[in-house]
Amino acid sequence: MNVRRFTVSLLAAAGLAITCPAAASAQQPGDGNMASAQWEEFSCIYTSLIGLDDDAYFSVVEAYMQELTEGDLYEEALTAIMPAVEDCSSEFDWSDEEQEIAMTMGIAGTVADALEGYLLDEGYSEEELDDIISLVDTISDDEVFAFIADDWRRDDDFLAGMSVHLAGKGVSGDEVLVDHCMVLLETYLIGMFQAEKWMDLQDS
């Protein structure tokens, strides 16, 4: 299964195909299945990206949010991402598959980190933020796969259903806010699937 096309544009320059699903945005998976050293390796690109200066950091976030495939901002995002990919790949001697997984998680985690900051700035508490993110555990399988596999931003039925879910968590009435929350959920799901994929690869 292909992950939604948003990152294909960002990863294409690396010659990578994004595949398959998975929640952890900017945080180590809460179930503790990943050992500390394994987490450090898996999150290497993410750790590098969140350490970028503001201009580079937000170029990655905005390129993702706008689903860009070309233009100055797209190029700025790639310029920010690729040194982290190359440095981490060299440090850990990654295979192409390991690089793909860590890069996908790194981008998704960086976007999740920015969106969490946005929601906190909008006045949501940490507890309310956790409650919103908990939707990844309660939405239907079809909704999960829509986030991961399909072009959900242009699926009116899906958007309506997710808006109802978010309204139940106190997020409604602001189109930008609702959209940002949906992207946050998407990034958590991508991070989760990539964490699972990484652990399966390490155990094989």
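Residues numbered from 1 in each chain as written. Predicted model: local features only at pLDDT ≥ 70, side-chain atom pairs only at ≥ 80, totals over all residues. Heavy atoms only, no water.

K.L.:
Any chance you could explain the state of the cysteines here in plain terms?
P.N.:
Note on terminology: a disulfide is the covalent bond linking the sulfur atoms of two cysteines. Throughout the structure, instances matching the rule amount to 1 disulfide. Two residues share a disulfide in this structure: Cys44 and Cys88, whose sulfurs sit 2.0 Å from each other. Note on the Cys44 and Cys88 pair: the S-S dihedral is about -80°, so by sign convention the disulfide is left-handed. Here Cys44, found in helix 3 (residues 44-50), pairs with Cys88, found in helix 5 (residues 72-92); they are 44 residues apart in sequence, far enough to count as distant. Each of the two residues, Cys44 as well as Cys88, counts as buried. (Disulfide = S-S within 2.5 Å. Helix = DSSP H or I, 4+ residues; strand = E, 2+ residues; numbered from the N terminus. Buried < 20%, exposed > 50% of the residue type's maximum accessible area, 1.4 Å probe, protein only.)

K.L.:
What's the story with the nonpolar core in this structure? I'm lost.
P.N.:
Soluble, globular proteins show a tendency: their nonpolar side chains are buried together. Core analysis: the biggest nonpolar cluster contains 61 residues, and Phe42, Ile45, Ile81, Phe147, Leu166, Val171 and Leu184 have the highest contact counts within it. With 14 residues, the single largest contributor to this core is helix 10 (residues 175-203). Look past the residues within four positions of Leu166 in its chain and what remains in contact with it is Ile132, Leu135, Val171, Val178, Cys181, Met182 and Leu185. Listed in part, the 5 residues of the second largest apolar core include Ala63, Leu68, Tyr74 and Leu78. (Core = buried A, V, L, I, M, F, W, Y, C linked by side-chain atoms within 4.5 Å. Contact = heavy atoms within 4.5 Å.)

K.L.:
What exactly am I supposed to notice about the environment of Ala114 here?
P.N.:
By the secondary structure assignment, Ala114 is in helix 6 (residues 96-121). Through-space distance from the C-alpha of Ala114 to that of Glu62 is 9.9 Å; in sequence the pair is 52 residues apart. In this view, Ala114 contacts Tyr57, Phe58 and Val61; residues no more than four positions away in its chain are not counted.

K.L.:
Before we go on, may I ask you to explain the side chain of Ser59 in this structure?
P.N.:
Looking at the element boundaries, Ser59 is found in helix 4 (residues 54-65). At 2.6 Å, the side chain of Ser59 forms a polar contact with the backbone oxygen of Ala56. When neighbours within four sequence positions are excluded, Ser59 is seen to be in contact with Leu73, Glu76, Ala77 and Ala80. (Polar contact = N/O pair within 3.5 Å; in protein donor to acceptor, adjacent residues only side chain to side chain.)

K.L.:
Before we go on, may I ask you to explain the packing of aromatic side chains in this structure?
P.N.:
Two aromatic rings are characterised by how far apart their centres lie and by the angle between their planes. By the definition in use, this model includes 8 aromatic pairs. Each ring, one from Phe42 and one from Trp198, has its centre 5.4 Å from the other, and the planes form 45°; the classification is tilted. Residue Phe42 is found in helix 2 (residues 36-42), and its partner Trp198 is found in helix 10; the two are separated by 156 residues along the sequence. Among the residues examined, Trp198 registers a relative accessible area of 0% and is labelled buried. Ring geometry for Trp94 versus Trp198: centroids 5.8 Å apart, planes at 80°, classification edge-to-face. Residue Trp94 is found in the loop between helix 5 and helix 6, and its partner Trp198 is found in helix 10; the two are separated by 104 residues along the sequence. The structure contains a cluster of three or more aromatic residues connected by ring pairs, namely Trp39, Phe42, Phe92, Trp94 and Trp198. (Phe/Tyr/Trp six-rings, centres within 6.5 Å; stacked < 30°, edge-to-face > 60°.)

None of the figures reported here should be taken as evidence of function without further support.
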